[in-house]
Every structure is written in structure tokens, then in C-alpha cells.
Amino acid sequence: MTSHQPTDGRTARTSHRRASATTRRRFLASAALTGAVVAGGGVPALAGASAGGDGLIPTPRLEREGNLLVDPEGRPITLRGVSIADPGSTYGSWSSHTATEAVDLATRTSEGWYNRLIRVPMRPEFVAARGPGEIPHGDGRGPLLPGQFDGDDLEYYLESFVDPLVSLCAERGAYVLLTYQRDHPVSHQAEHQGFDWSRNRWECGADSDDDWRYPEVCGERGVLWHGEDQVDDLLALAEEQEFERYYGEEAPYTEPAEITNALDAEVRLFWETVADRYGGEPHVLFELYSAPTGPHAGNWGSPTYPSFEIGPDRPDRSIDGPNAKPYWDLWVDRAQPWVDTVREHAPESVVVIGAPQWNQYTYWVPENEFEGENLAYASHAFTQEDIRPLETYLGEPAAEVPVLVTEFGWSEDVEWEGEDHVWLEGTTEEFAPEFEAFFDDHPVHPVATTFDDNWLPMFFEDVPEGIPGDAVSHPHWMDYLSDSTPGQWWYEYLEARHHDHPDVTADLPVIGESDAPPRDLTGDGLYEDVTGSGDLGFNDVTVFFENLESDAVQNNPSFFDFSDNGRVGFDDVIALFERL
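Since this is a predicted model, take the numbers as computed values, not measurements.

Asks: Sorry, what's going on with the packing of helix H9 (residues 257-278) against helix H10 (residues 325-345) here?
Replies: To characterise two packed helices, one gives the angle between the axes of the helices and the distance between these axes. In contact at an axis separation of 8 Å, H9 and H10 are set at 20 degrees when each is read in the N-to-C sense. Taken as axis vectors, H9 and H10 run roughly parallel relative to one another. In terms of crossing hand, the pair formed by H9 and H10 is right-handed. Along the contact surface, H9 presents Thr260, Leu263, Asp264, Val267, Arg268, Trp271, Glu272, Ala275 and Asp276, while H10 presents Arg334, Pro337, Trp338, Thr341, Val342 and His345.

Structure below.
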């Protein structure tokens, strides 16, 4: 991995701490308010006390309504957040933090982070590792072949790494998206034969031979998503789309039955366990499969050549072209039973469904939807031209169905482990304005990747060794927030929009001895009508001051952060007074 060293001025560039200037007017308002409360029999002045409580919004169970996700009152919700690294991977010696510490920071409103969704990708290689930070085949670049973990492995993984994240998100008022993630190529290296692993954990085939790569099941591409019963359809499509003319192959590669059936069993086991364990949690959503690679229009790769390698002529493999739609239809047939498995164990949860070609065929969803209630769809958008303009490939489906952009981002440095990840290559100046305009103009739910300093594109430029990953290190992390990936920009984007959630008055408790819960009178997400009387008056300021340290206020800091400093304290009492 490319090493990044801090540059002079990075701390100054990071704008997560804001000092509030004390003006004469604020001072006089403070004095007047303190005197009035004391004269009225209130509690003594707090002398500048502040609280560092963290939280976002209540997280009731969401439902689909047309192309929107709505709360129980029918109010649209926009989920903006980040994707972390696989939680099992963060316990390795190479990581500067654990997943729990990452989520702790990502949901700290007192640090200026306003992520409303935390995406948790769970990769088979780490589920099967059965130990913190271990990688079964000694290589983080590729997943195991299907079928390498069992129910006990999965239960251990969930209990050790995922349960704490689900609990923390509930406490912080953030939704969590639990994801089955299988997108990397199967690319075990020859040198790993010498590792002390059982053969089925690093080897691509079952036969013993001097050759380390077995063409039957291995190659420079992800495990194909198709089913055993779809091979004939794929071969017919290849003939119809003149595969041999373009690629010089008699037929495209398809997985043998033992692999397709093992994949089916693995996905079913995963969701039988995960959906059953977390289906009762209203703040948990499920992402079915991220991201199915091939089959897709064009060349999806084989054990002997990489995907998209083409001959002298280029076939139409565009996402919206006629060659693509049949593959979406086959994906629907393949994945519908997996959707049904989730729904059987979690009948009310939102299920987010990906698409072939690394979640890029979302364009075709309105033409042929999956069956079921509360279904949404996933797309990935990096810097590649294939998915542009965003208005076409993401905006058009988002006008009809809920779309979560569950991974997006860019990086100026795309070299990692000797490979160039060209689909990520770009600068903040090039791509931030495009994504910002698109997200603001379309009803999509953007999830930036990756809230980490090891997985590209990295939010944090490599944090030097010796800086611990616990809560004390948060200031150090923020010093390394990157401006060459979405990191710094996403921080500022969220901060500028953290008040634009719907009115959730019914979910806030009554403050003190008031007769009704607080109300947002202006639609800015701040609840200035503290007493719920229907208007703003001095009594609201008094009740807010008297109950500043109460759980009702401190457990809901984003609703009472009138001073916009990321926490609830006496500054907010003064700011509310100034609204009179």
C-alpha cells in the first residue's frame, strides 16, 4: 500500500474543530438570561457548562413508498453515510483502529460527523478466518471459494465483530446496512502454497498437482453469480451476441455446478443467520449481495483471461444497451430465492439488492423488479465512464425505485499492492462537484467509501504506526482526514446538511413539566418550541435551561444544537434566547 506522510498544515486544513466567538450581544444575552432564570426560581447558572453527547436522529423502521424510504409517519428519509472496512479485517496488526472505533468516530456529532447510515461489508474470507485479523489464505486480495465457512464460523464472526456495531449504531441514532460482500477476484497466489493453511483455504481447485491454478474454478475474476440451471441460457446469449467473434472463444466461461451450488448454499446460510439475528432491529437494513460481477454483457472473464479483454472489434456492452437487459433478467431469477430467504427471517426489514457488473445494472430495475415488500436497490459509482452520465444510469431508476449508492468515491493515488485501480482514479476537484450536484438533485441515498486508512479509496491517509486506535486517538485520525479522496469533502457535505431531516416531533420526549413534546416550528430540524406550546417564547428558553442536563436533551443533541457547534451546552441556551 502506498504510504502517505502528513504535510505541513494538515491540522489547520482539517476543520472539525470550530471556536465560537463571544460577542458583546451574546454576553449580554447570557447575563440577562441567567438573571431571569434565577429570579424565576430556576436552577443556578451553569457558567459555560457544555455536554458532549453524541447522536443523530431517532431510527424507526423504514418502509418503501414508491421511490422513497419513509418513516412510520410517511415522511421521506434520506440516508447519507459511510462504508467501513470489513470489521474482521480491522483487527489485524496492519490496522490503526477497530471497526467499533471507526463507527464510534463516524457517528460522533461532537466531532462534526453526521453519518446517518453505517454500511458494514462482511466478506467470506474474514467470516471463515475464525479469528481477529486472520486471513485464511494469507492474502486480502481475494475471497475464498464458496462454502469455506459454516454456521459456527458465522455465529462467531457476528458475535465478535458485528453485534457491537449494531448496538453502537442504535445508541447513536444511526441506521446500519449489513452487507454480504463478494466482489474481489479469486486470485490466490502461488507463493501461498507454503503457508500453514489447509489446502481448501488457499487452493483454487480440489486436485493435487504441481500447478497452483486450476482452470475449472479459478481465475482473474470474481466467482460468477449464475446458477447451474442458467448455463444453457448464457451459452445461447453468447451465440446471439456473437461472443466468439469478439473474444476468439468458442463459448464464455461458466462455473461448474459444484461452485454454483456452493455459492447458493453460502448465500442462503448467510441470510438465514444474519436476517434472523438482526431482523427485529428497526435500525438495521440488509444488502443482499455486493457486488455481483459476471455474467454481464461482453466478456466477464475466465481462468485464462481477464474480464473486458476484447478482440479487434468491440461489442455493445454498454449498461443501457440491448445486450445488457437479458443478464439483469437472469440475475432476478437467480437472486429471488435469496431475497425470499431474507424476507422469511426478517419480514419487515428493508432489503437492498445489487446488480451485475459490480452493481452497475441498476439501470434496468424498473423494467423487471424483484418480488417482495420494502425492496430497494444498490448501485456503485466511482470514476469510470461506463456509468456516466449519472443522471441516466442512476437518476432514471431512482425516479421509480429507491436507490442507495452503497459505494462511491475517488482517489488521486490508485496504486495498491502493485495494481492500479483505474476505476477509482480522479481528484476531488474533478468529481466532488459532480457527485454533490447529483445527490442534491436526486432522491438517492449516498454512502461514501471507505471510512478507513487501509481500503481504497481511503478517508484517512495512512495513519502512522504508534498512534493508537482508541477514542483518545480521534483527534489524530481527524488530522489525517484526506482531501484527495471523499474524506474531507464528505465531512463538510454532511455537516452542511445535517438539519434537513423531517420533523420527528412524536419521537421526542416531553421536556421537564411541559404538556407536549418539543416542536420544530421552522423546518430546520431544530426544536425551538421546547415546551410544545405551538410558538416560541421565553418559557421555552427557561425550560430548556432548567433541563439542559436531562436525558431528554442530552440523548437528542442534534435537535437542540442551536449554536451549531456539534454538542449541547449553555451556548445553545444563549442561541435559543437570541431567536426570541
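Asks: What is the right way to look at the sheet that holds strand S5 (residues 117-122) in this model?
Replies: By definition, the strands of a sheet pair up through backbone hydrogen bonds, in either a parallel or an antiparallel sense. Reading around the barrel, the 8 strands line up as S4-S5-S6-S7-S8-S9-S10-S13 and close back on themselves, with parallel pairing between neighbours. Sheet twist, expressed as the mean angle between neighbouring strand axes with direction ignored, is 25 degrees. When strand S8 (residues 351-353) meets strand S9 (residues 375-381), the two strands line up parallel, connected through 3 bridges. Bridge pairing in S9 links Ile353 to Tyr377.

Asks: Even after reading the chapter, I still don't get the confidence of the model for the protein, so can you show me in this structure?
Replies: Regions with low pLDDT should not have their predicted coordinates read in detail. Residue-level pLDDT values for the protein average 78, and 72% of them are 70 or greater. Taken together, the stretch residues 1-53 has pLDDT below 50 and engages in 87 contacts with residues farther than four places along the chain or on a different chain. Counted against residues more than four places away or in other chains, residues 186-221, with its pLDDT under 50, gives 86 contacts.

Asks: What exactly am I supposed to notice about the pattern of salt bridges here?
Replies: Opposite charge on two side chains permits them to pair, given that their charged atoms come into close proximity. This model, assessed by the stated rule, comprises 17 salt bridges. Two residues, Glu436 and Arg497, come together in a salt bridge whose shortest N-O distance is 3.3 Å. With a gap of 61 residues between them, Glu436 in helix H13 (residues 428-441) and Arg497 in helix H15 (residues 486-497) connect regions that are remote in the sequence. The class of Arg497 is buried, set by a relative accessible area of 16%. Note that Asp440 and Arg497 form a salt bridge whose closest N and O atoms lie 2.8 Å from each other. A residue pair is termed long-range when its members are at least 10 positions apart, and Asp440 in helix H13 and Arg497 in helix H15 qualify at 57 residues. The exposure class assigned to Asp440 is partly exposed, which follows from its relative accessible area of 40%. One salt-bridge network, held together by shared partners, links Asp104, Arg108 and Arg172.

What counts, and at which threshold
Residues numbered from 1 in each chain as written. Predicted model: local features only at pLDDT ≥ 70, side-chain atom pairs only at ≥ 80, totals over all residues. Heavy atoms only, no water. Axes fitted to C-alpha atoms, helices over the stretch in contact; angles between N-to-C directions. Helix = DSSP H or I, 4+ residues; strand = E, 2+ residues; numbered from the N terminus. Parallel < 35°, antiparallel > 145°, perpendicular 65-115°, else oblique. Left-handed = near helix turned anticlockwise from the far one by under 90°. Contact = heavy atoms within 4.5 Å. Pairing = 2+ DSSP bridges. pLDDT = per-residue confidence, 0-100. Salt bridge = Lys/Arg side-chain N within 4 Å of Asp/Glu carboxyl O. Buried < 20%, exposed > 50% of the residue type's maximum accessible area, 1.4 Å probe, protein only.

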